[in-house]
Amino acid sequence: MSTPKSKIKQTVEQMLGPYLDDNGFELVDVEYVKEGSNWFLRIFVDKEGGIDIDDCGIISEYFSQKLDENDPIPEAYFLEVSSPGAERPLKKTADVAKAVGKDVYVTVYEPIQGLKEFEGRLLSFENEELLISAGKKEHVVPYAKVASARLAIIF
(Lines give C-alpha, C1' and ligand atoms only; values in the text may rest on other atoms or scores of the structure.)
Protein backbone atom coordinates (compact mmCIF):
# COMPACT_ATOMS: atom_id res chain seq x y z
CA MET A 1 0.00 0.00 0.00
CA SER A 2 1.49 3.33 -1.01
CA THR A 3 1.39 6.53 1.02
CA PRO A 4 -0.70 9.37 -0.49
CA LYS A 5 1.42 11.88 -2.45
CA SER A 6 0.12 14.83 -0.40
CA LYS A 7 1.20 13.13 2.84
CA ILE A 8 4.68 12.47 1.42
CA LYS A 9 4.99 16.08 0.28
CA GLN A 10 3.92 17.35 3.71
CA THR A 11 6.33 14.97 5.50
CA VAL A 12 9.23 16.03 3.27
CA GLU A 13 8.47 19.71 3.88
CA GLN A 14 8.42 19.15 7.66
CA MET A 15 11.63 17.09 7.63
CA LEU A 16 13.63 19.33 5.31
CA GLY A 17 12.18 22.79 5.96
CA PRO A 18 14.11 23.72 9.14
CA TYR A 19 17.45 22.56 7.68
CA LEU A 20 16.91 24.55 4.49
CA ASP A 21 15.80 27.67 6.38
CA ASP A 22 18.81 27.47 8.71
CA ASN A 23 21.19 27.22 5.75
CA GLY A 24 19.75 29.97 3.54
CA PHE A 25 17.86 27.73 1.12
CA GLU A 26 14.25 27.85 0.01
CA LEU A 27 12.11 24.77 -0.66
CA VAL A 28 10.40 25.57 -3.96
CA ASP A 29 8.54 22.34 -4.61
CA VAL A 30 8.34 18.62 -3.84
CA GLU A 31 7.19 16.04 -6.37
CA TYR A 32 6.58 12.35 -5.81
CA VAL A 33 5.87 10.78 -9.19
CA LYS A 34 5.92 7.41 -10.89
CA GLU A 35 7.65 7.26 -14.25
CA GLY A 36 7.50 3.86 -15.87
CA SER A 37 8.07 1.34 -13.09
CA ASN A 38 10.14 3.73 -10.94
CA TRP A 39 9.15 6.25 -8.26
CA PHE A 40 10.98 9.58 -7.99
CA LEU A 41 11.09 11.97 -5.05
CA ARG A 42 12.14 15.32 -6.50
CA ILE A 43 13.11 18.20 -4.26
CA PHE A 44 13.42 21.62 -5.92
CA VAL A 45 15.52 24.06 -3.90
CA ASP A 46 16.78 27.59 -4.52
CA LYS A 47 18.68 30.35 -2.73
CA GLU A 48 19.55 33.97 -3.28
CA GLY A 49 21.95 34.09 -6.22
CA GLY A 50 21.01 30.59 -7.38
CA ILE A 51 21.86 27.05 -6.38
CA ASP A 52 24.74 24.95 -7.70
CA ILE A 53 25.61 21.27 -7.95
CA ASP A 54 27.54 21.34 -4.65
CA ASP A 55 24.48 22.73 -2.85
CA CYS A 56 22.32 19.97 -4.35
CA GLY A 57 24.83 17.34 -3.25
CA ILE A 58 24.96 18.63 0.34
CA ILE A 59 21.16 18.78 0.59
CA SER A 60 20.79 15.34 -1.00
CA GLU A 61 23.29 13.80 1.44
CA TYR A 62 21.60 15.41 4.46
CA PHE A 63 18.13 14.45 3.31
CA SER A 64 19.07 10.86 2.37
CA GLN A 65 20.25 10.37 5.95
CA LYS A 66 17.02 11.90 7.34
CA LEU A 67 14.89 9.69 5.08
CA ASP A 68 16.82 6.58 6.15
CA GLU A 69 16.27 7.47 9.83
CA ASN A 70 12.53 8.12 9.47
CA ASP A 71 11.64 5.94 6.44
CA PRO A 72 8.34 7.71 5.58
CA ILE A 73 8.04 6.19 2.09
CA PRO A 74 7.34 2.44 1.89
CA GLU A 75 8.19 1.82 -1.78
CA ALA A 76 11.63 2.09 -3.39
CA TYR A 77 12.31 5.45 -5.06
CA PHE A 78 15.05 7.64 -6.49
CA LEU A 79 15.87 10.91 -4.70
CA GLU A 80 16.67 13.92 -6.89
CA VAL A 81 17.60 17.36 -5.56
CA SER A 82 17.81 20.16 -8.11
CA SER A 83 17.27 23.78 -8.96
CA PRO A 84 13.79 24.79 -10.11
CA GLY A 85 15.45 26.19 -13.26
CA ALA A 86 15.11 29.47 -15.09
CA GLU A 87 11.37 29.00 -15.47
CA ARG A 88 10.80 28.28 -11.80
CA PRO A 89 7.23 27.72 -10.65
CA LEU A 90 5.57 30.41 -8.54
CA LYS A 91 3.76 28.24 -6.00
CA LYS A 92 3.06 30.69 -3.16
CA THR A 93 1.94 34.31 -2.95
CA ALA A 94 5.45 35.18 -1.68
CA ASP A 95 6.90 33.70 -4.90
CA VAL A 96 4.56 35.86 -6.99
CA ALA A 97 5.45 38.97 -4.97
CA LYS A 98 9.18 38.31 -5.55
CA ALA A 99 8.53 37.96 -9.29
CA VAL A 100 7.25 41.54 -9.73
CA GLY A 101 9.31 43.15 -12.49
CA LYS A 102 10.08 39.79 -14.13
CA ASP A 103 8.56 37.94 -17.07
CA VAL A 104 5.91 35.38 -16.13
CA TYR A 105 3.64 32.79 -17.73
CA VAL A 106 0.27 32.35 -16.01
CA THR A 107 -2.66 30.05 -16.77
CA VAL A 108 -6.11 30.48 -15.24
CA TYR A 109 -8.98 28.13 -14.36
CA GLU A 110 -11.52 30.09 -16.38
CA PRO A 111 -11.13 32.67 -19.16
CA ILE A 112 -10.49 36.31 -18.30
CA GLN A 113 -11.39 38.62 -21.19
CA GLY A 114 -11.49 35.47 -23.36
CA LEU A 115 -7.95 34.39 -22.41
CA LYS A 116 -6.71 31.42 -20.35
CA GLU A 117 -2.97 32.14 -20.71
CA PHE A 118 -1.00 35.29 -20.00
CA GLU A 119 2.68 35.82 -20.76
CA GLY A 120 4.44 39.08 -20.09
CA ARG A 121 5.97 41.33 -17.46
CA LEU A 122 4.47 41.12 -13.97
CA LEU A 123 4.01 44.80 -13.18
CA SER A 124 2.49 44.39 -9.72
CA PHE A 125 0.89 42.00 -7.26
CA GLU A 126 -1.44 43.91 -4.97
CA ASN A 127 -4.83 43.18 -3.41
CA GLU A 128 -4.60 39.53 -4.56
CA GLU A 129 -4.38 40.63 -8.22
CA LEU A 130 -1.57 40.25 -10.75
CA LEU A 131 -1.08 43.05 -13.26
CA ILE A 132 0.61 41.60 -16.34
CA SER A 133 1.82 43.67 -19.28
CA ALA A 134 1.71 41.70 -22.54
CA GLY A 135 2.74 43.79 -25.52
CA LYS A 136 0.64 46.95 -25.46
CA LYS A 137 -2.06 45.44 -23.25
CA GLU A 138 -2.28 45.10 -19.49
CA HIS A 139 -4.26 42.30 -17.88
CA VAL A 140 -5.58 42.10 -14.32
CA VAL A 141 -5.60 38.48 -13.15
CA PRO A 142 -7.18 37.63 -9.78
CA TYR A 143 -4.83 35.36 -7.84
CA ALA A 144 -7.77 33.10 -6.91
CA LYS A 145 -8.19 32.24 -10.61
CA VAL A 146 -4.52 31.30 -11.21
CA ALA A 147 -4.14 27.61 -12.11
CA SER A 148 -0.36 27.79 -12.52
CA ALA A 149 2.33 30.45 -12.67
CA ARG A 150 6.03 30.38 -13.42
CA LEU A 151 8.84 32.65 -14.43
CA ALA A 152 9.17 32.87 -18.20
CA ILE A 153 11.97 33.39 -20.66
CA ILE A 154 10.54 35.57 -23.40
CA PHE A 155 12.51 35.97 -26.63
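Everything below is about the structure printed above this text.
The paragraphs below set out a description of the structure included in this document. (Residues numbered from 1 in each chain as written. Predicted model: local features only at pLDDT ≥ 70, side-chain atom pairs only at ≥ 80, totals over all residues. Heavy atoms only, no water.)

Turning our attention to helix α2 (residues 53-70). Given a rise of 1.5 Å per residue, 18 residues ought to cover 26 Å, and the 25 Å separating the end C-alpha atoms of α2 matches this to within 8%. When we look at burial in α2, the residues that qualify are D55, C56, I59, F63 and L67. Buried residues of α2 fall within an arc of 90° about the axis and therefore sit on the same side. Opposite the packed face of α2, turned more than 90 degrees from it, sit the exposed residues D54, E61, D68 and E69. Contact partners of the buried residues in α2: α1 (5-22), β2 (38-46) and β3 (78-82). Its side-chain oxygen 3.1 Å from the backbone nitrogen of D54, D52 forms the N-cap of α2. (Helix = DSSP H or I, 4+ residues; strand = E, 2+ residues; numbered from the N terminus. Expected span 1.5 Å × (residues − 1). Buried < 20%, exposed > 50% of the residue type's maximum accessible area, 1.4 Å probe, protein only. Arc of directions from axis to C-beta. Contact = heavy atoms within 4.5 Å. Polar contact = N/O pair within 3.5 Å; in protein donor to acceptor, adjacent residues only side chain to side chain.)

Reading across from one edge, β1-β2-β3 is the order of the 3 strands in this open sheet, with mixed pairing throughout. Two strands in the sheet have a free side with no partner beyond their single neighbour: β1 (26-35) and β3. Across the sheet, the mean angle separating the axes of adjacent strands is 15° when strand polarity is ignored. Bridge count for β1 against β2 is 9 bridges, and the pairing is antiparallel. If you follow E26 over to β2, its bridge partner there is D46. Those strands touched by α1 are β1 and β2, and its axis lies near 145° from that of β1. Running over the sheet, α2 touches β2 and β3 and is turned about 145° from β3. (Pairing = 2+ DSSP bridges. Axes fitted to C-alpha atoms, helices over the stretch in contact; angles between N-to-C directions.)

Once that is clear, we can look at unusual backbone geometry. Positive phi values are uncommon outside glycine, yet Q113 reaches one of about 55°. Relative to the helices and strands, Q113 resides in the loop between β4 (103-112) and β5 (115-126). Positive phi, close to 60°, is recorded for E128, a residue that is not glycine. Relative to the assigned elements, E128 resides in the loop between β5 and β6 (129-134). Exposure remark for E128: the relative accessible area of 48% places this residue in the partly exposed category.

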